[in-house]
Amino acid sequence: MSGNYDEHQHDNDKVVGYIEQIQSSANTAERLDCLKKIQEIVVEKNPALLDSLFHEITSNTQHDTSSQVREQLVALIKAACLKDIGLLHHVVPTFQFLLRDSEKVVKKVILTISALVAHTFKASAISDSEKNKEAWSLCVQLKSEALELRQSENHGIRMRIFQFIEMLVLLFSYRSLGSTEHDDVSLDTIPPHHPFLNVLQLRQEGRILFSTIVRTLLLEEDLTAMLASILTKSLKSIAEKRPTFMGQVLAALVHYFNNPPIHLKEWNVKSIRRTLRPHLVKLASHEASAVYHEDLIPRLEAMEVNQREINELDRRGEVVGKKLMLLLPDELLSDDDKKEKQRELKLQLLQKQLQQQQQL
């Protein structure tokens, strides 16, 4: 027992010594090395030290003049919280501060928040303990802090935020029936009547975040070509993994192909269209897209997609077709399309009511 105590105290003294070196050293490499050694001790060797020393570690490094040291602090926080999500209560003030840092640091913080949200979501779905409840509440706060940056003037930060949003859309939606991807964390992992993971609220949030991606791509007037590329890839990924969004994704990508922003240079437009064609062909081969083929196939032909590729995936006539463009945001619809969309929604509501009556 005494030996264990002595070793614990020895590790504690070493960490305190490294913190003092960080405070006194003017050498960035030395401070960075000290912080890495601290991580080796408190994360890998003696995690019992984390709770007592976490605040001292963060408070003495988050203001460091070197962005490398601050980035290493974020790496330490990530490793520590993945080891013990109970440490999240220490993290919020530090991340609130670092989300106003340089681009490289902010992007690393966003990646870390993304990992912590997914990890805590999965842990909370498995166990509704008080510890997990508090951790999830803190993750919700961190998520909100990060999402405030989606209108950042820094393009690199915006791209990272929209990758975070993609992850949240996948997290807050259901997998397709028959999915065998067990590592694909989603609403399916939450048991019925979970005390703090509200499936209906999370699903609604996922839909709103999905809509944010679509509306940013289609309605933002000064969208950069780089961010447009990120958004189209995100939408393709979402449609493949969550086919419930297939129609809206196809509509958005087709519309963007045919109506690129006028401020983009010609070579940007050509590059985006070169990327979109294979995206649309891949999605058109997905089972969930068949219902849109009556509308989609002629559009692929107009995009000069190889006819043999089209013939291989064409499923027109097999299912009742639906119009893609009615799935666009209302701002992009004509008055006639809006009326048709309302008729479609009323018809769907009536069909749903009839199905419910038949089940009674």
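My aim in this report is to walk through the structure given alongside it, one point at a time. Every chain begins its residue count from 1, and numbering advances along the sequence as written. Local features are withheld for residues below a pLDDT of 70 in this predicted model, meaning they are given only at 70 or higher, and side-chain atom pairs are given and counted only at 80 or more; totals for whole chains, interfaces and linings count all residues. As a rule here, side-chain values come from all non-hydrogen atoms in the structure, and water together with hydrogens is ignored.

**Here we look at the packing of aromatic side chains**
This is how it is decided: Two aromatic rings from Phe, Tyr or Trp, using only the six-membered ring of Trp, form a pair when their centres are within 6.5 Å; if the ring planes differ by under 30 degrees the pair is stacked, by over 60 it is edge-to-face, and anything between is tilted. Strands are runs of DSSP state E lasting at least two residues, helices are runs of H or I lasting at least four, and both sets are numbered from the N terminus onward. Think of it in three bands: residues with accessible area under 20% of the maximum for their type are buried, residues over 50% are exposed, and the middle band is partly exposed, with areas taken using a 1.4 Å probe on protein chains only.
Tallying each qualifying case throughout the model produces 3 aromatic pairs. Between F121 and W136, the ring centres sit 5.8 Å apart and the planes meet at 65 degrees, which makes this aromatic pair edge-to-face. Taken together, the positions of F121 in helix α6 (residues 103-126) and W136 in helix α7 (residues 130-147) put the pair 15 residues apart, joining distant regions of the chain. The residues F121 and W136 share a single accessibility class, namely buried.

**Digging into the pattern of salt bridges**
Short version of the rule: A carboxyl oxygen of Asp or Glu within 4 Å of a side-chain nitrogen of Lys or Arg is what we treat as a salt bridge.
Using the criterion set out here, one finds 19 salt bridges in the structure. In this structure, D314 engages R316 in a salt bridge whose closest nitrogen and oxygen atoms are separated by 2.7 Å. On the accessibility criterion, D314 (24% relative accessible area) is partly exposed. Three or more residues are tied together by salt bridges with common partners; here these are K236, E240 and K282.

**Considerations on the packing of helix α9 (residues 199-219) against helix α11 (residues 246-258)**
For any two helices packed against each other, one specifies the inter-axial angle together with the distance between the axes. Cut-off, in case you're wondering: Interaxial angle, 0 to 180 degrees, is taken between N-to-C directions of lines fitted to C-alpha atoms, where a helix line uses only the stretch in contact. Here the word oblique covers every angle except those under 35 degrees (roughly parallel), over 145 (roughly antiparallel) and from 65 to 115 (roughly perpendicular). Pairs of residues are marked as contacts when any of their non-hydrogen atoms sit within 4.5 Å. Residue type decides the class: Asp, Glu, Lys and Arg count as charged, Ala, Val, Leu, Ile, Met, Phe, Trp, Tyr, Cys and Pro as nonpolar, and the leftover types, Gly among them, as polar.
The geometry of α9 relative to α11 is characterised by a closest axis approach of 10 Å and an angle of 10 degrees between their N-to-C directions. With respect to α11, the element α9 is oriented roughly parallel. Of α11, the residues touching α9 (which contributes F210, V214, L217 and L218) are Q248, V249, A252, L253, H255 and Y256. Along the lines of polarity and charge, the residues of the contact of α9 with α11 split into 8 nonpolar, 2 polar and no charged.

**What about the environment of G247?**
Structurally, G247 is set in helix α11. Taking the C-alpha atoms as reference points, G247 and K322, 75 residues apart in sequence, are found 8.9 Å from one another. In contact with G247, not counting residues within four places along its chain, are Y292, L324 and L327.

**Section: helix α12 (residues 266-284)**
Condition: Expected span of a helix: the number of residues minus one, times 1.5 Å.
Taking 1.5 Å as the rise per residue, α12 with 19 residues should run 27 Å; its terminal C-alpha atoms sit 26 Å apart, in good agreement. All buried positions along α12 are accounted for by N268, V269, I272, L276, H279, L280, V281, L283 and A284.

**Notes on the side chain of E71**
So the rule is basically this: The positive count covers Lys and Arg only, the negative count covers Asp and Glu only, and His and the chain ends enter neither.
If you trace the backbone, E71 turns up in helix α4 (residues 67-83). We note that E71 is buried and unpaired, the nearest opposite charge coming from K104 at a distance of 4.0 Å. Here E71 is in contact with K104, V105 and K108, once residues within four sequence places are set aside.

**What to know about the side chain of S186**
Within the secondary structure, S186 is located in the loop between α8 (155-171) and α9. A relative accessible area of 0% places S186 in the buried class. Those residues in contact with S186 that lie beyond four places of it in its chain are F121, L170, L171, S173, R175 and R242.

**Quick look at the packing of α7 against α8**
Rules: In this scheme, a crossing is called left-handed if the near helix is turned counterclockwise away from the far one by less than a right angle; it is called right-handed if the turn is clockwise.
At a closest axis distance of 10 Å, the pairing of α7 and α8 adopts a crossing angle of 140 degrees. Relative to α8, the element α7 lies oblique. For the pair α7 and α8, the crossing hand works out as left-handed. Residue-level contacts link K143, A146 and L147 of α7 to I161, F164, I165 and L168 of α8. Here the contact of α7 with α8 is composed, by residue class, of 6 nonpolar, no polar and 1 charged.

The analysis is restricted to geometry; functional conclusions fall outside its scope.
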